[in-house]
Amino acid sequence: MSVSTSFDADAKLSLEAGDVAAYMQSLGKAARQAASELRRADSGQKNRALYAMAARLDAAREDVLAANSEDLSRGQENGLDAALLDRLALSDARIDAMIEGLSQVAALPDPVGEISDMRYRPSGIQVGKMRVPLGVIGIIYESRPNVTLEAASLCLKAGNACVLRGGSEARASNAAISRCIQEGLGDAGLPAGSVQVVATSDRAAVGAMITMPDYIDVIIPRGGKSLIERISREAKVPVIKHLDGVCHVYIHSLADPAKALSIAVNAKTHRYGTCNTMETLLVDAAIADLLLPELARQYAEHEVELRGCEQTQALLPQALPASDDDWSAEYLAPILAIKVVDDIDEAIAHIERYGSHHTDAIVTEDYSLARRFMAEVDSSSVVVNASTRFADGFEYGLGAEIGISTDKLHARGPVGLEGLTTQKYVVMGSGQVRE
């Protein structure tokens, strides 16, 4: 029996016995061994695995959609809200996007082994940095089964093993996608422990996973605020995270009205259940009476509920009064808070007080003010004259993303391949000794 098969058997026995801690330890051991093997894998082998996963997913499309239909039916019975059901749902178009994401990740330059900043020292040695995998990455996420494939592809291309714990609401979808991943790994001759999907929905699995520093090097949570707060509080493993996506669009008085209308509508209505969706619209007083009535008309077509400050309500009688809580709310729903501000100073101050440092945008034709906004707004993505919905790994050319970080260490913004690696110093000599 191979070591990998032994780990699989140990994990199965532990799970059947209800020993979640032992089960997670088995997954961790398998992942740690796979991480050692992945350090030896070249770009070609990793890419073959990604293309094989894409082919397997395409061939299993009907099975994956059937599994997803099962999850959706169960979610509706359990009263999941519209935003969560939207995150959970797969379709042919979304599967096509998942396959395209795999191809894009395969086409990206492999960061592993890249050496940079080589320089000679007075001693004659050369000192530089080599980019290397983080090791084993644990990812905990809710609802979105496409994350299973995105996470697997990015971790694998960056040379990392990963342990994936999806939400119970997507268990059938994740199991179907996991089979495609395992088949793709086998096709490329990579160890099964490279990507493991946790097969239990027991919450104890999360507790075990975030307290295994011997086996897990980094935890990346993707989910609701309560999940991320719990992981940040209890983890004994470094965490890359963001808590909220309270994103703003600020329309400056010198904005192009057509651009402003298009951006403000898209940022809110393109999709409601994503972390880069606008939740608060800030509009300069000098342009509010021109833009807000037309914006309100377009939002009404999308059945968006408006909540506004007193000046907003004076212009839009249909708007409900906004409370202080509305300014810091991540609705993930067709609800929008609107505030009329005097100038860019008030807009930046509002974002600093109520924002979540995720993604904030300005619409203006004054590029000196745009540069000021970019410098002073302390968010992981700052956008000029475009929708906040572009704050996404796919749109940034990362192929896909493993999440968006609002931390300042180790990665910030959409986390792609480079964010899943670290650097070590390498030294080249020709016989030098230190005197």
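Computed from a prediction, not measured in an experiment: that's the story for all the values here. (Residues numbered from 1 in each chain as written. Predicted model: local features only at pLDDT ≥ 70, side-chain atom pairs only at ≥ 80, totals over all residues. Heavy atoms only, no water.)

S.K.: Requested: an account of the sheet that holds strand 5 (residues 195-197), with residues and values cited.
M.R.: The strand order across the open sheet built from four strands is 5-4-3-6, with neighbouring strands paired in parallel fashion. Across the chains shown, the open sheet's two edge strands, defined by having one partner strand only, are strand 5 and strand 6 (218-222). Between one strand axis and the next, the sheet turns through 15° on average, direction left out of account. With five bridges connecting them, strand 3 (residues 136-141) and strand 6 associate as parallel partners. Following the sheet pairing, Gly138 is matched in strand 6 by Ile219. Along the sheet face, helix 2 (residues 20-38) touches strand 3, strand 4 (161-165) and strand 5 and points at about 150° away from the line of strand 4. (Pairing = 2+ DSSP bridges. Helix = DSSP H or I, 4+ residues; strand = E, 2+ residues; numbered from the N terminus. Axes fitted to C-alpha atoms, helices over the stretch in contact; angles between N-to-C directions. Contact = heavy atoms within 4.5 Å.)

S.K.: Run through the packing of helix 3 (residues 43-59) against helix 7 (residues 146-157), naming residues and quoting values.
M.R.: Describing two packed helices takes the angle between their axes plus the distance from one axis to the other. Put simply, helix 3 and helix 7 touch, their axes get as near as 9 Å, and they point 165° apart. Looking at the two axes, helix 3 sits roughly antiparallel to helix 7. Between helix 3 and helix 7 the crossing geometry is right-handed. Contacts between helix 3 and helix 7 pair Lys46, Asn47, Ala49, Leu50, Met53 and Leu57 from the former with Leu149, Ser153, Leu156 and Lys157 from the latter. Looking at the contact of helix 3 with helix 7, its residues break down into six nonpolar, two polar and two charged. (Parallel < 35°, antiparallel > 145°, perpendicular 65-115°, else oblique. Left-handed = near helix turned anticlockwise from the far one by under 90°. Nonpolar A, V, L, I, M, F, W, Y, C, P; charged D, E, K, R; others polar.)

S.K.: Requested: an account of the pairing of strand 2 (residues 126-133), with residues and values cited.
M.R.: In the sheet, strand 1 (residues 115-120) pairs with strand 2 via four bridges, with the strands oriented antiparallel. Note on strand 2: the bridge partner recorded for Ser116 is Lys129. Connecting strand 1 to the next strand, strand 2, in antiparallel fashion are five residues, including Gly124 with a positive phi near 100°. Inspection of the sheet shows strand 2 paired to strand 16 (residues 421-428) by eight bridges, in the antiparallel sense. Looking at the pairing, Met130 lines up with Lys424 of strand 16.

S.K.: Any chance you could break down unusual backbone geometry for me, citing the residues and the numbers?
M.R.: In this chain, Leu409 is followed by His410 through a cis amide linkage whose omega measures -5°. Mapping His410 onto the fold places it in the loop between strand 14 (404-405) and strand 15 (413-414). At Asp117, a residue that is not glycine, the phi angle is positive and equals roughly 60°. Note that Asp117 resides in strand 1. The phi torsion at Leu332 lies on the positive side, around 50°, for a residue other than glycine.

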